[in-house]
Amino acid sequence: MSQRLEALRPRLLAFARLQLRFDDQAEDAVQEALLAAFNKLDSFDGRSQFETWVFGILRFKILDIFRSQKKRGNWLLDEAAWPSEEELDRQFKNSGFWESEARPQTWGDPEAALASSHFWRVFDACMIHLPDVPARVFSLRELMEMEICDICELLGISENNCSVILYRARMKLRQCLEKGWLSEEVSNADL
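Residues numbered from 1 in each chain as written. Predicted model: local features only at pLDDT ≥ 70, side-chain atom pairs only at ≥ 80, totals over all residues. Heavy atoms only, no water.

Colleague: It is not clear to me how the packing of helix H7 (residues 132-143) against helix H8 (residues 148-155) should be interpreted in this structure. Could you clarify?
Modeller: Put simply, H7 and H8 touch, their axes get as near as 10 Å, and they point 145° apart. The two elements H7 and H8 cross, and the hand of that crossing is right-handed. When H7 is examined against H8, the residues Val137, Leu140 and Arg141 are found in contact with a partner set consisting of Ile148, Ile151, Leu154 and Leu155. Taken together, the residues that form the contact of H7 with H8 break down as 6 nonpolar, no polar and 1 charged. (Axes fitted to C-alpha atoms, helices over the stretch in contact; angles between N-to-C directions. Helix = DSSP H or I, 4+ residues; strand = E, 2+ residues; numbered from the N terminus. Left-handed = near helix turned anticlockwise from the far one by under 90°. Contact = heavy atoms within 4.5 Å. Nonpolar A, V, L, I, M, F, W, Y, C, P; charged D, E, K, R; others polar.)

Written as C-alpha coordinates, this is what we have:
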(Lines give C-alpha, C1' and ligand atoms only; values in the text may rest on other atoms or scores of the structure.)
Protein backbone atom coordinates (compact mmCIF):
# COMPACT_ATOMS: atom_id res chain seq x y z
CA MET A 1 0.00 0.00 0.00
CA SER A 2 2.91 2.37 0.65
CA GLN A 3 3.96 1.89 -3.00
CA ARG A 4 0.50 3.01 -4.06
CA LEU A 5 0.84 6.14 -1.93
CA GLU A 6 4.34 6.83 -3.26
CA ALA A 7 3.05 6.48 -6.84
CA LEU A 8 0.55 9.29 -6.14
CA ARG A 9 3.24 11.61 -4.76
CA PRO A 10 4.15 13.40 -8.05
CA ARG A 11 0.51 14.25 -8.81
CA LEU A 12 -0.12 15.33 -5.22
CA LEU A 13 2.96 17.54 -5.33
CA ALA A 14 1.92 19.14 -8.62
CA PHE A 15 -1.51 19.90 -7.18
CA ALA A 16 -0.05 21.30 -3.94
CA ARG A 17 2.44 23.49 -5.83
CA LEU A 18 -0.38 24.91 -7.89
CA GLN A 19 -2.27 25.83 -4.72
CA LEU A 20 0.53 26.97 -2.45
CA ARG A 21 3.07 28.58 -4.76
CA PHE A 22 6.06 27.74 -2.54
CA ASP A 23 7.84 24.42 -3.02
CA ASP A 24 8.63 23.99 0.67
CA GLN A 25 4.98 24.48 1.66
CA ALA A 26 3.84 22.10 -1.07
CA GLU A 27 6.38 19.45 -0.01
CA ASP A 28 5.28 19.77 3.63
CA ALA A 29 1.59 19.52 2.76
CA VAL A 30 2.12 16.44 0.59
CA GLN A 31 4.30 14.78 3.20
CA GLU A 32 1.68 15.41 5.89
CA ALA A 33 -1.10 14.11 3.61
CA LEU A 34 0.83 10.95 2.75
CA LEU A 35 1.63 10.34 6.41
CA ALA A 36 -2.01 10.87 7.41
CA ALA A 37 -3.19 8.54 4.63
CA PHE A 38 -0.68 5.88 5.65
CA ASN A 39 -1.73 6.13 9.31
CA LYS A 40 -5.43 5.95 8.37
CA LEU A 41 -5.29 3.19 5.76
CA ASP A 42 -7.55 1.04 7.92
CA SER A 43 -10.23 3.77 7.82
CA PHE A 44 -10.35 3.76 3.99
CA ASP A 45 -13.67 2.07 3.34
CA GLY A 46 -13.69 2.07 -0.46
CA ARG A 47 -16.71 4.39 -0.86
CA SER A 48 -14.52 6.51 -3.13
CA GLN A 49 -11.48 5.71 -5.22
CA PHE A 50 -8.24 5.48 -3.25
CA GLU A 51 -6.75 8.39 -5.20
CA THR A 52 -9.78 10.59 -4.47
CA TRP A 53 -9.49 9.76 -0.76
CA VAL A 54 -5.80 10.74 -0.63
CA PHE A 55 -6.42 13.95 -2.60
CA GLY A 56 -9.18 14.78 -0.10
CA ILE A 57 -6.67 14.51 2.74
CA LEU A 58 -4.30 16.81 0.84
CA ARG A 59 -7.10 19.33 0.27
CA PHE A 60 -7.67 19.55 4.03
CA LYS A 61 -3.93 20.04 4.64
CA ILE A 62 -3.87 22.86 2.08
CA LEU A 63 -6.93 24.49 3.66
CA ASP A 64 -5.17 24.35 7.03
CA ILE A 65 -2.23 26.20 5.50
CA PHE A 66 -4.57 28.81 4.01
CA ARG A 67 -6.21 29.31 7.40
CA SER A 68 -2.87 29.82 9.11
CA GLN A 69 -1.81 32.29 6.41
CA LYS A 70 -5.03 34.22 6.94
CA LYS A 71 -4.28 34.48 10.65
CA ARG A 72 -0.82 35.84 9.82
CA GLY A 73 -2.33 38.38 7.38
CA ASN A 74 -0.81 36.98 4.19
CA TRP A 75 -3.97 37.55 2.14
CA LEU A 76 -3.40 41.03 0.76
CA LEU A 77 -4.58 41.62 -2.79
CA ASP A 78 -2.28 43.71 -4.96
CA GLU A 79 -4.84 45.73 -6.92
CA ALA A 80 -2.11 47.26 -9.11
CA ALA A 81 -1.27 43.85 -10.59
CA TRP A 82 -4.87 43.33 -11.64
CA PRO A 83 -6.89 44.82 -14.53
CA SER A 84 -9.27 47.58 -13.57
CA GLU A 85 -13.02 47.21 -13.84
CA GLU A 86 -12.94 49.68 -16.75
CA GLU A 87 -10.42 47.52 -18.62
CA LEU A 88 -12.66 44.50 -18.23
CA ASP A 89 -15.78 46.46 -19.18
CA ARG A 90 -14.13 47.60 -22.44
CA GLN A 91 -14.29 43.99 -23.60
CA PHE A 92 -18.08 44.28 -23.90
CA LYS A 93 -20.48 46.42 -25.90
CA ASN A 94 -23.21 48.37 -24.11
CA SER A 95 -25.60 45.58 -25.10
CA GLY A 96 -23.50 43.12 -23.05
CA PHE A 97 -22.12 41.25 -26.06
CA TRP A 98 -18.38 40.78 -26.61
CA GLU A 99 -16.39 43.33 -28.56
CA SER A 100 -15.09 41.47 -31.63
CA GLU A 101 -11.39 41.75 -30.65
CA ALA A 102 -12.11 40.54 -27.09
CA ARG A 103 -14.33 37.61 -28.05
CA PRO A 104 -13.02 34.28 -26.70
CA GLN A 105 -11.56 31.90 -29.23
CA THR A 106 -13.28 28.62 -29.97
CA TRP A 107 -11.69 25.93 -27.84
CA GLY A 108 -12.88 22.99 -29.89
CA ASP A 109 -13.68 19.76 -28.07
CA PRO A 110 -13.49 20.41 -24.28
CA GLU A 111 -12.98 16.70 -23.51
CA ALA A 112 -9.99 16.57 -25.83
CA ALA A 113 -8.56 19.71 -24.23
CA LEU A 114 -8.81 18.23 -20.75
CA ALA A 115 -7.08 15.06 -21.96
CA SER A 116 -4.19 17.07 -23.42
CA SER A 117 -1.07 17.14 -21.24
CA HIS A 118 0.00 20.30 -23.10
CA PHE A 119 -3.21 22.03 -21.99
CA TRP A 120 -2.45 21.23 -18.34
CA ARG A 121 1.17 22.46 -18.62
CA VAL A 122 -0.06 25.77 -20.03
CA PHE A 123 -2.85 25.93 -17.41
CA ASP A 124 -0.31 25.43 -14.61
CA ALA A 125 1.90 28.17 -16.06
CA CYS A 126 -1.10 30.51 -16.31
CA MET A 127 -2.10 29.79 -12.70
CA ILE A 128 1.44 30.51 -11.48
CA HIS A 129 1.31 33.93 -13.12
CA LEU A 130 -1.93 34.96 -11.44
CA PRO A 131 -1.51 37.14 -8.34
CA ASP A 132 -1.65 35.08 -5.11
CA VAL A 133 -5.14 35.91 -3.87
CA PRO A 134 -6.96 35.46 -7.20
CA ALA A 135 -5.10 32.19 -7.80
CA ARG A 136 -6.11 30.94 -4.38
CA VAL A 137 -9.73 32.04 -4.73
CA PHE A 138 -9.94 30.37 -8.16
CA SER A 139 -8.28 27.20 -6.83
CA LEU A 140 -10.56 27.04 -3.81
CA ARG A 141 -13.66 27.43 -5.95
CA GLU A 142 -12.86 25.55 -9.13
CA LEU A 143 -10.23 22.99 -8.17
CA MET A 144 -11.11 22.32 -4.53
CA GLU A 145 -14.85 22.85 -5.15
CA MET A 146 -15.48 24.98 -2.06
CA GLU A 147 -18.69 26.97 -1.82
CA ILE A 148 -18.35 30.74 -2.20
CA CYS A 149 -19.68 31.37 1.32
CA ASP A 150 -16.95 29.08 2.72
CA ILE A 151 -14.26 30.85 0.70
CA CYS A 152 -15.50 34.21 1.96
CA GLU A 153 -15.43 33.00 5.54
CA LEU A 154 -11.94 31.56 5.13
CA LEU A 155 -10.53 34.70 3.51
CA GLY A 156 -12.61 37.28 5.34
CA ILE A 157 -13.99 38.82 2.15
CA SER A 158 -17.51 39.63 0.99
CA GLU A 159 -19.35 37.47 -1.55
CA ASN A 160 -19.35 40.39 -3.98
CA ASN A 161 -15.58 40.77 -3.65
CA CYS A 162 -15.15 37.02 -4.10
CA SER A 163 -17.27 37.08 -7.27
CA VAL A 164 -15.24 39.96 -8.70
CA ILE A 165 -11.97 38.16 -7.92
CA LEU A 166 -13.28 34.96 -9.55
CA TYR A 167 -14.46 36.85 -12.64
CA ARG A 168 -11.10 38.57 -13.06
CA ALA A 169 -9.16 35.34 -12.46
CA ARG A 170 -11.26 33.50 -15.06
CA MET A 171 -10.76 36.30 -17.60
CA LYS A 172 -6.98 36.33 -17.04
CA LEU A 173 -6.80 32.55 -17.28
CA ARG A 174 -8.85 32.57 -20.47
CA GLN A 175 -6.54 35.16 -22.03
CA CYS A 176 -3.44 33.27 -20.96
CA LEU A 177 -4.76 29.93 -22.21
CA GLU A 178 -5.71 31.44 -25.54
CA LYS A 179 -2.20 32.84 -25.98
CA GLY A 180 -0.28 29.83 -24.68
CA TRP A 181 -2.39 26.87 -25.65
CA LEU A 182 -4.84 27.71 -28.41
CA SER A 183 -2.29 29.64 -30.46
CA GLU A 184 0.06 26.60 -30.35
CA GLU A 185 -2.81 24.24 -31.17
CA VAL A 186 -3.63 26.35 -34.24
CA SER A 187 0.02 26.60 -35.35
CA ASN A 188 0.50 22.84 -34.87
CA ALA A 189 -2.62 22.16 -36.95
CA ASP A 190 -1.12 24.23 -39.79
CA LEU A 191 1.93 21.92 -40.03
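Colleague: Just checking my understanding: could you explain the environment of Trp120 for this structure?
Modeller: Along the chain, Trp120 falls in helix H6 (residues 117-129). Through-space distance from the C-alpha of Trp120 to that of Leu177 is 9.8 Å; in sequence the pair is 57 residues apart.

Colleague: What's the story with the packing of helix H1 (residues 2-20) against helix H2 (residues 23-39) in this structure? I'm lost.
Modeller: Running from amino to carboxyl end, H1 crosses H2 at an angle of 145°, the nearest separation of the two axes being 8 Å. When you trace H1 past H2, the crossing you get is right-handed. The segment H1 lies against H2, with Ser2, Leu5, Arg9, Leu12, Leu13, Ala16, Arg17 and Leu20 engaging Asp23, Gln25, Ala26, Glu27, Ala29, Val30, Gln31, Leu34, Ala37 and Phe38. Grouping the amino acids of the contact of H1 with H2 by side-chain chemistry returns 11 nonpolar, 3 polar and 4 charged.

Colleague: Is there a simple way to think about the pattern of salt bridges in this case?
Modeller: Think of it this way: side chains of opposite charge can pair up when their charged atoms draw near. On inspection of all chains with the given rule, the structure shows 6 salt bridges. Residues Arg17 and Asp23 are paired through a salt bridge, measuring 3.0 Å at the closest nitrogen-oxygen approach. Of the charged contacts, one joins Arg170 and Glu142 as a salt bridge, the two residues approaching to 2.2 Å between their closest N and O atoms. In this pair, Arg170 is assigned in helix H9 (residues 159-189) and Glu142 in helix H7, connecting sequence segments 28 residues apart. The structure contains a network of salt bridges with shared partners spanning Arg9, Arg17, Asp23 and Glu27. (Salt bridge = Lys/Arg side-chain N within 4 Å of Asp/Glu carboxyl O.)

Colleague: Quick question: what am I supposed to make of the state of the cysteines here?
Modeller: Two cysteines joined by a covalent bond between their sulfur atoms form a disulfide. Per the counting criterion, the structure on display carries 1 disulfide. The thiol sulfur of Cys149 is not disulfide-bonded, and the nearest other cysteine sulfur, from Cys152, lies at 7.5 Å. On the basis of relative accessible area, Cys149 is assigned to the partly exposed category, the value being 43%. Cys152 carries a free sulfur, and the closest cysteine sulfur to it, the one in Cys162, is 4.2 Å from it. For Cys152, a relative accessible area of 7% puts it in the buried group. (Disulfide = S-S within 2.5 Å. Buried < 20%, exposed > 50% of the residue type's maximum accessible area, 1.4 Å probe, protein only.)

Colleague: Before we go on, may I ask you to explain the packing of aromatic side chains in this structure?
Modeller: Think of a pair of aromatic rings as described by two things: how far the centres are apart, and how the planes are tilted against each other in angle. As enumerated under the stated definition, the model contains 4 aromatic pairs in all. A centroid spacing of 5.4 Å and a plane angle of 85° characterise the contact between Phe44 and Phe50, whose relative ring orientation is edge-to-face. Taking the centre distance of 5.8 Å and the plane angle of 40° together, the rings of Phe50 and Trp53 count as tilted. Placement of the pair is Phe50 and Trp53 together in helix H3 (residues 50-72), with a separation of 3 residues, close to one helical turn. Of the two residues, Phe50 and Trp53, both sit in the buried class. (Phe/Tyr/Trp six-rings, centres within 6.5 Å; stacked < 30°, edge-to-face > 60°.)

Colleague: Even after reading the chapter, I still don't get the nonpolar core, so can you show me in this structure?
Modeller: Within the largest apolar cluster, 36 residues are counted, with the highest numbers of intra-cluster contacts made by Leu12, Val54, Leu58, Ile62, Val137 and Leu140. Mapped onto this core, the elements with two or more residues apiece are H1, H2, H3, H7, H8 and H9. Counting residues per element, this core draws most heavily on H3, at 10 residues. Leaving out residues up to four positions away in the same chain, Val137 has contacts with Ile151, Leu155, Cys162, Ile165 and Leu166. (Core = buried A, V, L, I, M, F, W, Y, C linked by side-chain atoms within 4.5 Å.)

Colleague: Sorry if this is basic, but what is going on with unusual backbone geometry here?
Modeller: It is generally the case that most residues other than glycine have a negative phi and that most peptide bonds are trans. A positive phi angle, close to 55°, is found at Glu145, a residue other than glycine. Note on placement: Glu145 falls in the loop between H7 and H8. The class for Glu145 is exposed, based on a relative accessible area of 64%.

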